[in-house]
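Structural characterization, general
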Amino acid sequence: MGLFSRKPSAPRAGAIIDIPPSGDVYVTGTNYHGREVRRVPRGESRFELVREPQNPYDRNAVSVRFRGGVVGYIDADRAVDYAPVLDTSGLVPRVVGHKTGKDNIRVALPASDELDVFLCAARGVQSPRSLVPLVRVVRPWAASKVLHEIADEREYPLAFRSLFAGHSNMAEGQERYDLKAVLQPTVDGKTVAVIVEGHRVGRLESATFATWGRTVHANAIRGGVGIEAPARVWARFDGPLVYARVTVSLPESTNGLLPANPMPTGPVVLIPTGKAIQVTGEEQHLDVLAPWVAGGREPWVAVTLHSLDEQRARSVVPTVEVRLDGQRVGVLTPASTANVRPLVEHAEARGQIAVARAVIKGNHLKADVTLHVAKASEVEARWFASPAATE
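Report on the accompanying structure. (Residues numbered from 1 in each chain as written. Predicted model: local features only at pLDDT ≥ 70, side-chain atom pairs only at ≥ 80, totals over all residues. Heavy atoms only, no water.)

1. Some remarks on helix 2 (residues 76-89)
For helix 2, built from 14 residues, the straight-helix expectation of 20 Å at 1.5 Å per residue is met to within 8% by its first-to-last C-alpha distance of 20 Å. Helix geometry: helix 2 is bent most strongly at Tyr 82, by close to 35°, with proline Pro 84 lying one to four residues after it. Of all the positions in helix 2, only Arg 78, Ala 79, Tyr 82, Ala 83, Val 85, Leu 86 and Ser 89 are classed as buried. The secondary structure elements touched by the buried residues of helix 2 are strand 2 (25-28), strand 3 (43-51), strand 4 (62-66), strand 5 (69-74), strand 6 (92-99) and helix 3 (112-123). Of the residues trailing helix 2, Gly 90 is marked for its positive phi of about 70°. (Helix = DSSP H or I, 4+ residues; strand = E, 2+ residues; numbered from the N terminus. Expected span 1.5 Å × (residues − 1). Bend = angle between axes of the 7 residues up to and from the residue. Buried < 20%, exposed > 50% of the residue type's maximum accessible area, 1.4 Å probe, protein only. Contact = heavy atoms within 4.5 Å.)

2. So, the nonpolar core
Within the largest apolar cluster, 32 residues are counted, with the highest numbers of intra-cluster contacts made by Val 303, Leu 305, Val 322, Leu 324, Leu 332, Ile 360 and Leu 371. Listing elements by their share of this core, those giving two or more residues are helix 6 (286-289), strand 17 (300-311), strand 18 (316-324), helix 7 (334-349), strand 20 (353-362) and strand 21 (367-372). For Ile 360, the residues in contact, after removing those within four places along its chain, are Leu 289, Trp 292, Val 293, Arg 297, Glu 298, Pro 299, Val 301, Leu 324, Asp 368 and Val 369. Listed in part, the 31 residues of the second largest apolar core include Phe 160, Trp 212, Ala 231 and Val 248. (Core = buried A, V, L, I, M, F, W, Y, C linked by side-chain atoms within 4.5 Å.)

3. Describing the pattern of salt bridges
Inspection of every chain in the model, using the stated rule, returns 22 salt bridges. Through salt bridges that share partners, Asp 75, Arg 78, Arg 154 and Glu 155 make up one connected network. (Salt bridge = Lys/Arg side-chain N within 4 Å of Asp/Glu carboxyl O.)

4. Describing the side chain of Arg 357
Assignment of secondary structure puts Arg 357 in strand 20. Judged by its relative accessible area of 3%, Arg 357 is buried. Side chain to side chain, Arg 357 and Thr 273 meet in a polar contact 2.7 Å long. (Polar contact = N/O pair within 3.5 Å; in protein donor to acceptor, adjacent residues only side chain to side chain.)

5. Quick word on the pairing of strand 5
With 5 of 6 residues buried, strand 5 lies mostly within the body of the structure. Here strand 2 pairs with strand 5 via 2 bridges, running antiparallel. Residue Val 27 lies in a different strand from strand 5, and its bridge partner there is Ile 74. In sequence, strand 4 turns back onto strand 5 through a hairpin of 2 residues, with Arg 67 there showing a positive phi of about 50°. (Pairing = 2+ DSSP bridges.)

6. Some words on the environment of Arg 35
By the secondary structure assignment, Arg 35 is in helix 1 (residues 34-38). Take Arg 35: its relative accessible area is 66%, and that puts it in the exposed class. A sequence separation of 34 residues divides Arg 35 from Gly 69, and the C-alpha atoms of the two residues are 9.2 Å apart.

Rendered as structure tokens:
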């Protein structure tokens, strides 16, 4: 730093801070402020958001002002989230807005969490609503079969316009099934944001957060690990309005995040996940499997796959042996062997052990092992070129 340089001071209370355009919020009550609204030119303008804690109608009131005059308010449902953000910062956000009709004004206001992060940064402090930085993202070990609705999609209209850029007929609505969401918590652990293709599209709603929030936050804080979840996104555009719905799929419980048994040691490679494949011959290994299903449990485990040529009465039959913690629990049928063995042999040729997701169901009299692995014909060429390490 130069001899006379100094660290910039934090903005004083009441200072106006320009906010990057994000979001799309309709300003309510403009019909009650005709004189001030008429002063606003059509097209783009800048508006200040000012708290009115003494407002007799709503103690969370946030007024929208143009050159000092009130033109309307942020609707009460949203103001309850924005009021504490503005109260804590003591700053006045200035946002881009548009007047499109006689008294129709919309402002590009970010979601309350994002606004808090921006205003805290302007003050030189970290917002507790900042997202925890992630080092890597992992997919839950168990199958993600339970659909969960997420909340606050309306706060992120620009995200949905980006996700559906190039899609036609958006006036009737379109849906994308092929997406992966990342669950990324805030520093304070009070919210889990849902990120799709780099865009924040909402948060886990309360019931889902009650089950998954603590686990997602703990994994992010301890190891920078985010959770991946299959996602479906539907959106419809009606002029400037965006209507959207997002669902994510998660295992039945947080116990499905990791396998119920220790991961195999040594150089291992995870076979890509696919449809269910039934293992055969489990009845010969009930001594190994029965303890796993005691008490009605249905654990998801990590199994290893091994190419094997079994000597039968009249021939040698190629198969794939399935082992749980080093103990044999069954083999694949000839048809399944044909689909999976090329992957196993590829791993073995590279000195690696093939690992697969599996679920065990049954009781002390009968237990079934089901793999969830892709067929060799379904695996992308890049996996063969450089198989990914275990997640």
